[in-house]
Amino acid sequence: GAGVSQSPSNKVTEKGKDVELRCDPISGHTALYWYRQRLGQGLEFLIYFQGNSAPDKSGLPSDRFSAERTGGSVSTLTIQRTQQEDSAVYLCASSLVGASYEQYFGPGTRLTVT
Amino acid sequence: GENVEQHPSTLSVQEGDSAVIKCTYSDSASNYFPWYKQELGKRPQLIIDIRSNVGEKKDQRIAVTLNKTAKHFSLHITETQPEDSAVYFCAAPRGSTLGRLYFGRGTQLTVWP
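Residues numbered from 1 in each chain as written. Chains lettered and ligands numbered in written order. Predicted model: local features only at pLDDT ≥ 70, side-chain atom pairs only at ≥ 80, totals over all residues. Heavy atoms only, no water.

Chemist: Explain the sheet that holds strand β1 (residues 5-7) of chain A to me, using residue names and the numbers behind them.
Modeler: All names here are of chain A. The antiparallel open sheet is built from four strands, whose spatial order is β1-β3-β8-β7. Among the strands making up the open sheet, the edge pair consists of β1 and β7 (65-69). Strand-to-strand twist across the sheet, computed as the mean angle between neighbouring axes with direction ignored, equals 15°. (Pairing = 2+ DSSP bridges. Helix = DSSP H or I, 4+ residues; strand = E, 2+ residues; numbered from the N terminus. Axes fitted to C-alpha atoms, helices over the stretch in contact; angles between N-to-C directions.)

Chemist: I'd like a rundown of the state of the cysteines, residues and numbers included.
Modeler: Put plainly, two cysteines are in a disulfide when a covalent bond ties their sulfur atoms together. Counting across every chain of the model gives two disulfides over all chains. Residue C23(A) pairs covalently with C92(A) via a disulfide, S to S 1.8 Å. Negative torsions about the S-S bond denote left-handed disulfides, and the value of about -60° found for C23(A) with C92(A) makes this one left-handed. Here C23(A), found in strand β3 (residues 19-24), pairs with C92(A), found in strand β9 (residues 88-95); they are 69 residues apart in sequence, far enough to count as distant. Exposure remark for C92(A): the relative accessible area of 0% places this residue in the buried category. The residue that forms a disulfide with C23(B) is C90(B), at a sulfur-sulfur distance of 1.9 Å. Across the S-S bond of C23(B) and C90(B) the torsion is about -95°, and the bridge reads as left-handed. Linking C23(B) in strand β3 (residues 19-24) with C90(B) in strand β9 (residues 86-93), this pair joins segments that are 67 residues apart in sequence. Each member of the pair, C23(B) as well as C90(B), carries the same accessibility label: buried. (Disulfide = S-S within 2.5 Å. Buried < 20%, exposed > 50% of the residue type's maximum accessible area, 1.4 Å probe, protein only.)

Such coordinate-based values are descriptive only and should not be taken to indicate function.
See below:
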């Protein structure tokens, strides 16, 4: 079946521009997660959705970062006024219910801020 | 929240040897402990997981052991092969079935032929 998909796969943007990253989770998965992974680093948690609500936004690094999820499915991560330190791979994952179930990761969006 | 610590950060072994990666967690209510493997340039994928009602689980060359009293769990890879080279992440939730996973910082495993 279809896995988690993300778009775009690559995004190059100029410093100061806004970007939107999209995640399509596995159908029926109620939990959705966003992570940031800098080159050679670990998985930095950003935000967690249960359905359309976000009970845990504790990982968002600044108010330039926001995310939403609609229809219990697609999620969009928005970064406003991008900075060079935002350059990273942004990974989305979904799971059937939550933390005690396998997380299926998407292929990621590689964001480069020039 | 949960605090997951993972050691070592890098591990090099000869092909055929065993590799062990250890993680500790802080929340005694945590009940699920997965291990993810991330090959270079690829997405993380679950390789094995264990729930708190068992102490050990095996799947061919990989195994995970859990010590709830000491609050640590370990990944064991036997008869390592070059294709086992990757970054391995452990994780644990904070008690509840819902919510997020707390990931360790990762272990870069290199298997030399």
